[in-house]
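Observations on chain architecture
So the chains spell out like this:
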Amino acid sequence: MKFRYYRNMLIGVALLLTLLSEIIIFGIGSWNINDTSSEIRRASEQNIASHIESQMISKLNEMNSLALQLEQNDFILYARSFYSLRPSEEERIARQELSSRLEQLHLSPEAVERIYFIGDNINQKNFGKLMKSGESIDDSQIPWIEDLQDAGLLDLLTRYYGMPAYIPEGMFSSVLEGKRGLLPRETWDRLSQFATSIEGHIIINNGVNALNVLSVIVFDERILTAELPSSRIWNGYVGILDENQQILWTNVPDRELMEKAAKLAAAGETEWEQFLGGRYYVRTVPVPPYGIRVIIFEQMQNDSIWKWGDTYTFIIFLACSLLLSLMIAYRLANAVMYPYQALARAVWKKENDLDFRSIPEQRFSRGWLSRFTIRKKMLVMLLSSVLIPVLLVIVMYAFLMYRYVFDKAVDLSVESSDHLVTELQSRVERYENLTNRLSTDSRLTNLTSPYLYRGNMDDFTVSSYPGLNDISYFVIYDVSGVAKYSSVFNNNRTLFKLHSYEKNVLEQLEAEEMVWLTGLKDVYGHPALMLVKKLEVSSGVTDRPTTAFLQVVLKEDAFSYATTDRKQSFVILDREGKLIYSHLTPKSFQEAAVSQWSVPDKEELDVQIQQVEGSNQVVVQRSLEKPGWYSYIFMTIDDIYLKIHSMFYRFGLLLVLIIIIILLVMRQIAYLLVRPIERLTQAIENEEPLPAEMKDRAGEQPRDEIGRLVASFNQMLRQIRELMQENVDKEIREKKLVTSRMKAELGMLQQQINPHFLYNTLEAINMRAHQYGATEVSTMVKSLAKIFRFTINTGSEVVALSDELEHARNYLTIQELRFQNKFIVRWELDEQAMGLPVLKFILQPIIENALQHGIEELYGEGELVIRTETLGNS
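Since the model is a prediction, treat every value here as computed from it, not as a measurement. (Residues numbered from 1 in each chain as written. Predicted model: local features only at pLDDT ≥ 70, side-chain atom pairs only at ≥ 80, totals over all residues. Heavy atoms only, no water.)

1. Section: the overall build of the chain
Counting its secondary structure elements, the chain contains 20 helices and 24 strands. Taking all 874 residues of the chain together, the buried fraction comes to 45%. Taking as baseline every contact in the chain between residues at least 6 positions apart, the subset at least 24 positions apart corresponds to 65%. Working note: accessible area of the chain is about 47,000 Å², and carbon and sulfur atoms make up 53% of it. (Helix = DSSP H or I, 4+ residues; strand = E, 2+ residues; numbered from the N terminus. Buried < 20%, exposed > 50% of the residue type's maximum accessible area, 1.4 Å probe, protein only. Contact = heavy atoms within 4.5 Å. Areas by Shrake-Rupley, 256 points an atom, 1.4 Å probe, with all protein chains shown as cover.)

2. Things to note about the environment of Leu16
On the secondary structure map, Leu16 appears in helix H1 (residues 2-69). For the pair Leu16 and Val386, spaced 370 residues apart in sequence, the C-alpha separation works out to 9.0 Å.

3. Thoughts on the packing of helix H18 (residues 775-791) against helix H19 (residues 801-819)
Relative orientation of the contacting elements H18 and H19 amounts to 145°, with a least axis distance of 9 Å. Pair H18 / H19 crosses with left-handed handedness. Counted together, Glu776, Thr779, Met780, Ser783, Leu784, Lys786, Ile787, Phe790 and Thr791 of H18 and Asp803, Glu804, Glu806, His807, Asn810, Tyr811, Thr813, Ile814 and Leu817 of H19 form the full contact between these two elements. Grouping the constituent residues of the contact of H18 with H19 by class yields seven nonpolar, six polar and five charged. (Axes fitted to C-alpha atoms, helices over the stretch in contact; angles between N-to-C directions. Left-handed = near helix turned anticlockwise from the far one by under 90°. Nonpolar A, V, L, I, M, F, W, Y, C, P; charged D, E, K, R; others polar.)

4. Some details on the sheet that holds strand E4 (residues 201-205)
Pairing is antiparallel across the open sheet formed by five strands, whose spatial order is E2-E1-E5-E4-E3. In this open sheet, the two edge strands, each paired with only one partner strand, are strand E2 (127-130) and strand E3 (165-167). Averaged over all pairs of adjacent strands, the angle between strand axes in this sheet comes to 25°, irrespective of strand direction. (Pairing = 2+ DSSP bridges.)

5. Considerations on the packing of aromatic side chains
One pass over the full model with this rule turns up 14 aromatic pairs. With 5.9 Å between their ring centres and 85° between their planes, Tyr431 and Phe559 make a pair best called edge-to-face. Of this pair, Tyr431 sits in helix H11 (residues 374-439) while Phe559 is found in the loop between strand E15 (546-554) and strand E16 (568-573), placing the two residues 128 residues apart along the sequence. Here Tyr431 matches Phe559 in class, with each residue buried. On the numbers, 6.0 Å between centres and 55° between planes, the contact of Phe489 with Tyr524 is tilted. Of the two residues, Phe489 sits in the loop between strand E12 (483-486) and helix H13 (500-506) while Tyr524 sits in the loop between strand E13 (514-521) and strand E14 (527-537), which places them 35 residues apart along the sequence. (Phe/Tyr/Trp six-rings, centres within 6.5 Å; stacked < 30°, edge-to-face > 60°.)

6. Digging into the packing of H19 against helix H20 (residues 844-855)
The N-to-C vectors of H19 and H20 enclose an angle of 25°; their axes lie 10 Å apart at closest approach. Our classification of the angle between H19 and H20 gives roughly parallel. For the crossing formed where H19 meets H20, the hand is right-handed. Contacts from Glu804, His807, Ala808, Tyr811, Leu812 and Gln815 of H19 reach H20 at Gln844, Ile847, Glu848 and Leu851. Looking at the contact of H19 with H20, its residues break down into five nonpolar, three polar and two charged. (Parallel < 35°, antiparallel > 145°, perpendicular 65-115°, else oblique.)

7. Notes on the sheet that holds E15
Overall, antiparallel pairing links the five strands, which are arranged E12-E11-E15-E14-E13 in an open sheet. Across the chains shown, the open sheet's two edge strands, defined by having one partner strand only, are E12 and E13. Taking the axes of each pair of neighbouring strands and ignoring which way they run, one obtains an average angle of 25° across the sheet.

8. Re the environment of Ile609
Structurally, Ile609 is set in strand E18 (residues 607-612). Between the C-alpha atoms of Ile609 and Val410, which are 199 residues apart in sequence, the distance is 8.7 Å. Once residues within four sequence positions are removed from consideration, Ile609 is found in contact with Phe406, Val410, Gln617, Val618, Ile637 and Tyr641.

9. Considerations on the pairing of strand E20 (residues 629-636)
Most of E20 sits out of view: seven of its eight residues are buried. Of the pairings in the sheet, the one linking E16 to E20 comprises six bridges and is antiparallel in character. Across the sheet, Gln568 pairs through a bridge with Met635, a residue of E20. In this antiparallel pair of consecutive strands, strand E19 (residues 615-624) and E20, the connection spans four residues, and Gly628 shows a positive phi of 80°.

10. Digging into unusual backbone geometry
Most peptide bonds take the trans form, and the phi angle of most residues other than glycine is negative. Notably, Phe82 is not glycine yet its phi reads approximately 55°, a positive angle. Looking at where Phe82 falls in the secondary structure, it is placed in the loop between helix H2 (73-80) and helix H3 (88-104).

11. Focus: the side chain of Thr868
Looking at the secondary structure, you find Thr868 in the segment after strand E24 (862-867). Classification of Thr868 as buried rests on a relative accessible area of 12%. Separated by 2.7 Å, the side chain of Thr868 and the backbone nitrogen of Asp830 make a polar contact. Excluding its chain neighbours within four sequence positions, the residues that come into contact with Thr868 are Leu801, Leu805, Glu828, Leu829, Asp830 and Met834. (Polar contact = N/O pair within 3.5 Å; in protein donor to acceptor, adjacent residues only side chain to side chain.)

12. Regarding the pattern of salt bridges
Taken as a whole and judged by the stated rule, the model has 23 salt bridges. Here Lys578 and Glu576 are joined by a salt bridge, their closest N and O atoms 3.5 Å apart. In terms of burial, Lys578 and Glu576 fall into one category: exposed. For Arg826, the salt bridge goes to Glu828, with nearest N and O atoms at 2.2 Å. (Salt bridge = Lys/Arg side-chain N within 4 Å of Asp/Glu carboxyl O.)

13. What about H19?
In this model, H19 (19 residues) spans 26 Å end to end at C-alpha, consistent with the 27 Å of a helix rising 1.5 Å per residue. The set of residues buried in H19 consists of Leu801, Glu804, Leu805, His807, Ala808, Asn810, Tyr811, Leu812, Ile814, Gln815 and Phe819. In this structure, the buried residues of H19 make contact with H18, strand E21 (798-800), strand E22 (823-828), strand E23 (837-839), H20 and E24. (Expected span 1.5 Å × (residues − 1).)

14. Points about the side chain of Thr445
Its location among the elements puts Thr445 in helix H12 (residues 442-445). For Thr445, a relative accessible area of 8% corresponds to the buried category. Once residues within four sequence positions are removed from consideration, Thr445 is found in contact with Ser439, Leu535 and Val537.

15. Digging into H20
Those residues of H20 not exposed but buried are Gln844, Ile847, Leu851 and Ile855. Projected down its long axis, H20 shows its buried positions confined to an angular sector of 75°, all on one face. Exposed residues lying more than 90 degrees from the buried face of H20 are Ile846 and His853. Looking at the packing, one finds that the buried side of H20 touches H19, E22 and E24. (Arc of directions from axis to C-beta.)

16. Description of a nonpolar patch on the surface
Among the surface-exposed residues, Leu16, Leu19, Leu20 and Ile23 lie close enough to one another that they form a single nonpolar patch of about 340 Å² accessible area. As for its position among the elements, Ile23 is in helix H1. (Patch = residues over 30% accessible without salt bridge, like charges linked within 9 Å, V, L, I, M, F, W, Y side chains within 5 Å.)

17. Let's talk about the pairing of E12
The side chains of a regular strand alternate between the sheet's two faces. In this sheet, E12 lies alongside strand E11 (residues 471-477) in antiparallel orientation, the contact comprising three bridges. Each bridged residue has a counterpart across the sheet, and for Val475 the counterpart in E12 is Ser486.

18. Structural notes on the environment of Val380
Along the chain, Val380 falls in helix H11. For Val380, a relative accessible area of 23% gives the class partly exposed. Sequence separation of Val380 and Leu332 is 48 residues, and the distance between their C-alpha atoms is 8.4 Å.

19. Let's talk about the confidence of the model for the chain
Here the chain averages 78 in pLDDT, while 80% of its residues score no lower than 70. Every residue in residues 692-704 is under pLDDT 50, and counting partners more than four places away or in other chains gives 15 contacts. (pLDDT = per-residue confidence, 0-100.)

The following block contains the structure:
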C-alpha cells in the first residue's frame, strides 16, 4: 500500500539524514583533531628542539668553561714546573695538591671520564686522573708533547682545539701502527695507551699553550645523553655534527643511517622522513655559536583520536544511535500515517458496503500528535528522529575530543614542564659548578690567609670564568666572616657581612659543602638567592687548613632564561613552602603555588587544571632534586578552550544545517503527500470537485490511500448531487400540489361569497357615510371595497406593479385613519417600473409587518418610505 511506501520513505530519509549528519560530525571532529594535534605537535617539536638546543649550548658552555678553568696556572703549574728535576717529596705534595684541587671542582663522573696535563718533555711531570675512581693514571700511560709530535699525532690532536671533538676508533691507532718499530718501545706504548683512552670519546683541548702544557679532557658519552628528553615523554634519537659536518656524537643505533643523515644535512637538507624501525621525522637544528648542528630523529606519532578501544566503542554507539533513529522514525511515521490509512480504509469500506453510519471521530483524535497538521507532524517526526541521535553523537564525540585535546594539552604541558625542570636543574648545577670553580682559584683563597701569596686580582675578569656575568656578585670571607674580596664595591668591603642566620647554618657545614640560602637580601637590598660554600684553605704556616666562605649572589633574573615560551611561567618554593623565585608571574600565581604545596600527600607527578588570574592553567608540580626545592609550572591553555568553543560553534552550525535540510526534505515530501491531502480537505470544505490532475484516469483503479480518498470523495459528491437534484424535484412537485390545492380551496370560497352583494353593501355604507358627513368612514369603506375587489380577483397570480401599489395605497389609507396620523407615507416611484409584473400580495405583508413591529411602538411620528427602482435590464 502506498501509505507504507510513504512511511518507509520518511523512515529512510530520517536514517539517511542521521547517517549523513554523523559523517559530517566525524569530518568536523577529525578536522578539529588534526588541526589541534598539528598545533600541539608543532609546539612539542619546537619544545624538543629548543630544549635540546638549550641543553647542548649549556653543556658545551660547561665543557668550554671547564677547559678554560684548567688552563689557569693553579692546574697547569704542575706540568710545567720540571718536577722531574726536583725532590720527589716536593713533587708528591704538588701532585696531591693538584689532585685535591680537581676534586674540589666536584666534576660528575658521568660527565668527565679523565683529565690529562701533559708536559713538554721528559724533564717535566705529566698528570692524569680517572674522575670516576679518583685514581691517578700512571705516568707510563701518558706521553709527552715531544712524543706526540714525533709520532705525528700532535697536529691531529690539536687540530680542533678549544672545541669538543669526537675521536673515532682507529684515528690515532692507525697512525701509530705505521710508526711501529720507528719509535722507541716505551714511547710507542705510552702513545698507544693514550690513543686507546681517547678514541671513541669526545675530548676537548686548548692546544699547547705558551707554557708548553697540553691539557686534555676526555668526556663520558653520558654527558650528552643525560641532556636528552626523558624516554618517558619522548621517543627519538639525536646526532651531533661538528663544524666540519663530521659526527661528533650520536645515539642512533644504525651508524650507516646516521652517516647518511649527516650527508643530507651537509647538503643543506633541514627536514625529511626516515625509516628507522618505524617512521621518523628528521630535522636539523643549528647550535650557535659553536658551529655544530643537531640532527633530531623523532618518531612520528599517530594523532588520531581513535584508538582501538575508542573506535570499537564509537562504532557501537553509532549503531545504537542509528537504531534509536530507526525506532523513533518508525514510531512517529506510523503515528503520522496511520490516521490517513485508517480513514481511507473506512471510506473505501463504506463505499463498497453502502454503510451510512458515521466514522467515529475519537478514533482519529487520540494522542498528542492529533493536534498538529500533517506538515507539523512530519517536522516533529524528522526533527525527533534525526536531532536526538545526532545530539547524543555530538555529546559523545565532543566528550572524546574534549578528553583527547585536553590530554594532549596536558601532555604538552607536562613535557614542557619536564624540559623546564631540566633547564632549572641545569642552571642550579651551573651556578654550583661556577661556585666550585671559583673556590679553586688560589687568587681568591689566598686572600683569607695573611701568610699566603696574594695574586693580582686586577686580571680577575669575567672571561676568566664563563658564566660569571650570570651572577650579581661574589664575596670571599675569612673564618671570622670578614669580607676579603668582592666582585663589586671591593674598595668598601665593610658593606658585606655574613648575617647571624647564615652563621648558624654555615657552622654546621662540612668542608667543601655547599648550601643554598633563601629569604635574604643582597647588598642592594633586594631579595636574592645565594650560594655559600665552606672552604678549607692552607694557612701557609701549618699543615692544618683554615676555614673560609665563598658567597655567590644570583641576579634577580637568574632563572628567567630557563623558559622562552610566553605561555609558560613558573614559581619555585623551598622545602618549607616559602617563595624562592617567581618568573614573570603576579601574586595570584604565587598564592596558587603555595596552596598546591600545602596540599597533603603531594605526588611527584601532580598535574591539575585551575583558573589563575582569569586564565585556565595547567599546573604541574616538579621537584628540583639537588636543592630540594619544588617548582610549579603554569601553562596557559586558553587557546585550547578557544578551539573547543570553535568546535562547538561548528557543531551548532551543523545542527542549523540539519534543520534546514529537514525543512527542505519536508517540503518535497509535502509536495508528494501533503499537498493532495490539503487539496482534498479544501475541496471537502468548499464542496467543490477536485482538480482534474487528481482524478483517476479512465479505467484505472486508485493506487494508494490518497487515490482511494479522492475516488470516494468524487463518488460522494456525485451521490450528494443526485440526492440534491432528487430533493429539488420532489420539493417542486410538492409545491405544485400545494398550490393546486390552495387554488381549489380559494375557488370554493370565492363561489361561496357573492361579490355583487359584498360590493353593493359596501357601496351603500359608503353613500350613507357620505350623506351624514362621515368622510373618514366613507374613505375607509371605499378603500376596503377596493381591497376586497383586488383580493377576490380570480385572475393570474402575477399582477402589474401599479396594481400592487394601488392595493398597498388602499391598505395604507385604512391604516392612516386607524393610527390617526401617527405616521406619514412617502412614495418614491419610478414610472418605468409601473408595468413590470410582480407576485400578487407581495407588498401588503411587508407593509403590515413594518406597521406592527416598527411604527406602532413609536412614541413620535413615523415615516414609511415606498420606493421602486429599476436595476439594469431586469
